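The lines below spell out each chain.
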Amino acid sequence: MPTSALGNAAAPDAVDAFQMGLAAESPNRRIVWAGAASAGVHLLLLLTIGVASVESMKPSSAPELRVYVESQDRGREDEHDRAGPVEAPAAPTTDSREELLSAAAPSRSRVVGSQPRTVAPPALPVPVTPSEASPGNVPSGSDSPSGEAAVLTTTAPSDSEAPVTSVTPVTPVTPVAPVTPVAPVTPVTPVARVAPVAQPAGIDIPAVQRSVLTRWVMQAAEKLRDVSLRQARLSLMHEGRQYVALLERHPAADSMDLERMTVEITTEENGRRLRTQLEMKRLAFSHFAQLVDRQDPEVQFHDDEIVGRFHSNFPIEVGYDRAVAPRFLSLVTTAGAGFTLGTAEGYRQKDEIFRGGLATQAGRIPLPGTFSLPDSGTGGGAPGRSFGHDTRITFYPDGSYGWRELGVAGPEHRELMSTPAYILGGRNAALAVHGTVSGKVLVYSPERIVIEGSLIYAHDPRRAAEAGDYLGLLCAKDIEIARPDVTGRGDLEIQAAVYARRRFVVVDYDAPRSGTLLILGSLTAGSLSATEPRYATRYEFDKRLEHERPPGFPLTDRYEIESWDTQWREAGDEPSGASAAGASPPSG
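Quantities reported herein were computed from a predicted structural model and do not represent experimental measurements. (Residues numbered from 1 in each chain as written. Predicted model: local features only at pLDDT ≥ 70, side-chain atom pairs only at ≥ 80, totals over all residues. Heavy atoms only, no water.)

Caption draft 1: Seen up close, the overall build of the chain. A tally of regular secondary structure across the chain gives nine helices and 31 strands. For the chain, the residues scored as buried account for 38% of the 588 residues in total. A total of about 32,000 Å² of accessible surface is found on the chain, and carbon and sulfur atoms cover 55% of it. (Helix = DSSP H or I, 4+ residues; strand = E, 2+ residues; numbered from the N terminus. Buried < 20%, exposed > 50% of the residue type's maximum accessible area, 1.4 Å probe, protein only. Areas by Shrake-Rupley, 256 points an atom, 1.4 Å probe, with all protein chains shown as cover.)

Caption draft 2: Representation of the packing of aromatic side chains within the structure. As enumerated under the stated definition, the model contains twelve aromatic pairs in all. Ring centres of Tyr499 and Phe553 lie 6.4 Å apart, and the angle between their planes is 90°; this geometry places the pair in the edge-to-face category. Of this pair, Tyr499 sits in strand β26 (residues 492–500) while Phe553 sits in the loop between β29 (535–541) and β30 (555–564), placing them 54 residues apart in sequence. Here Tyr499 and Phe553 have matching classes, each one buried. What links up through ring pairs into an aromatic cluster is the set Phe285, Phe371, Tyr444, Tyr499 and Phe553. Across from the ring centre of Tyr457, 5.4 Å away, lies the NZ or CZ of Arg544, which sits over that ring. For Arg544, the ring lying beneath its charged end belongs to Tyr470, and the centroid distance is 4.1 Å. (Phe/Tyr/Trp six-rings, centres within 6.5 Å; stacked < 30°, edge-to-face > 60°. Lys NZ or Arg CZ within 6 Å of the ring centre and 35° of its normal.)

Caption draft 3: View of the pairing of strand β22 (residues 440–445). The buried fraction of β22 is high, at five of six residues. Where strand β20 (residues 421–425) and β22 come together, four bridges link them in parallel fashion. Bridge assignment links Ile423 to a residue of β22, and that residue is Val443. As paired elements, β22 and strand β24 (residues 470–475) share six bridges and run parallel to each other. When the sheet's bridge partners are listed, Leu442 is paired in β24 with Gly472. (Pairing = 2+ DSSP bridges.)

Caption draft 4: Molecular detail of unusual backbone geometry. In this structure, Pro420 follows Thr419 across a cis peptide bond, with omega equal to -10°. Here Pro420 is to be found in the loop between β19 (413–416) and β20. The omega torsion of the bond from Glu532 to Pro533 falls at 10°, within 30 degrees of zero and hence cis. You can see Pro533 is positioned in the loop between β28 (515–525) and β29. The phi angle at Glu239 is positive, at roughly 50°, despite the residue not being glycine. Summarising the element assignment, Glu239 is placed in the loop between β4 (231–238) and β5 (241–250).

Caption draft 5: Local environment of the pattern of salt bridges. Under the definition given, this model contains 30 salt bridges. Arg364 is the partner of Asp293 in a salt bridge, and the nearest nitrogen-oxygen pair spans 3.1 Å. Highlighted residues: Asp293 in the loop between β8 (290–292) and β9 (304–307) and Arg364 in the loop between β15 (358–359) and β16 (384–387), separated in sequence by 71 residues. The salt bridge involving Arg327 is made with Glu305; its shortest N-O contact spans 3.3 Å. Of the two residues, Arg327 is situated in strand β12 (residues 327–328) and Glu305 in strand β9; the sequence distance between them amounts to 22 residues. By sharing partners, the salt bridges in this structure join Lys281, Arg309, Glu546 and Glu560 into a single network. (Salt bridge = Lys/Arg side-chain N within 4 Å of Asp/Glu carboxyl O.)

Set out below in structure tokens:
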């Protein structure tokens, strides 16, 4: 208020008193009052500032912030960041370079502005718009979006809880690990291993040279067998060139296995040492669909079909008419000059009969008359059973067989067959056989075997490649097909390897046509009787017999090459295979 107004309103006495009072005060007291007044003014100013500060910290007055959380699995921490007064709060943006640095630090930070990243962001960023960036939309665990890898963009008040545990930064980075192409590069390694295959190919052995070597090793193999040696070293000089053969014989492992032989041949050419290796096997008589030692002058091949290799130790005789002719579908070899023509009507070409080819002067294959067979008792662990009298044998599909002595009344005896089984006839004892064979068995008689009906396998090898049934019929004299009233009319099938040292006979062959005699397996005979008109015949080789034979079935003295690439290859400095045995092989 103006000073003149105060002077008019106050009493003069009071003014004087006031002036007097002031005059009476000491200088120190005035300084005290001045200090008090100054302190009061400053206190009032501080209170004013404090009230303003409290108002600024209310949620309604806080600016809206953009929060970027670097997710780390640190557990849930109750942190609240409070921002001071901001002059111009920035509107939310989706700049992928922004991040809340305090999320990765133990203490809170007030740095909210955008910070440039020092590391290039991962590929495929996925920006999150403000409308989507609410606390309820924050993914957790493995559901974290790819993009800014460990950075999650959200919008929330400054005092809201930051979900630090919602995203693990290592998880998005882990998929980068498969990019390390260690496994894809690995396939290159086999290429280096296959590299040795790229070596120069072997040198083909000329046909003439191959023929000379084949005859040489065949003869050497037979001599090695004759002297019962397991290994031998032989030398051959042919047309000024020396060949050295190292032979190693591998006897059959069991009664169904085949004997084999490994032969390594070495020579030198133009200062290089060359080698070739071949594998040979010794043929069993069961390797032939049909093998005949001698031809009956009254018998000729007519209505016959032979599927498989055929061999005759003498020239064979064939006959034909306008309706039928013999058919040899595989290679025919003879020890003689070829074949002779018997009864012939019309004209047939040679290739029409010998469809698999004809090879003459092939050498004779002798038929042994004695056999190495195991001793047989009457059971008790023996491999088979021996019968001293004429006996009828019946095979059953369950793997058993029954027997009954011919001409003697009484029940049939029956037992399971061993594996393998040997059914042996005694001296002058004939065995009559028929039925279904399940197992591996050899039937032997020194006198006679009579086939009274079909002999078939429980598992037909034409339908089951792994069929394991084998039957061998082995006789030192004759094997016969019984009379029609015993076998019955119609086709007769024999699934077996058959060996008749003296003769294979069809009894009453001149009976009216009954059907076809089919032998699936092999037939070896000293000679053959006529089969027509009672039977037309078909002989079909059992392909399993290439690798196995019926138990105890006899072997020939013939070897054949089982495998040979017919190429010379450069040899190393060290000998291989049987060559290490030296020139003095052990006997075996």
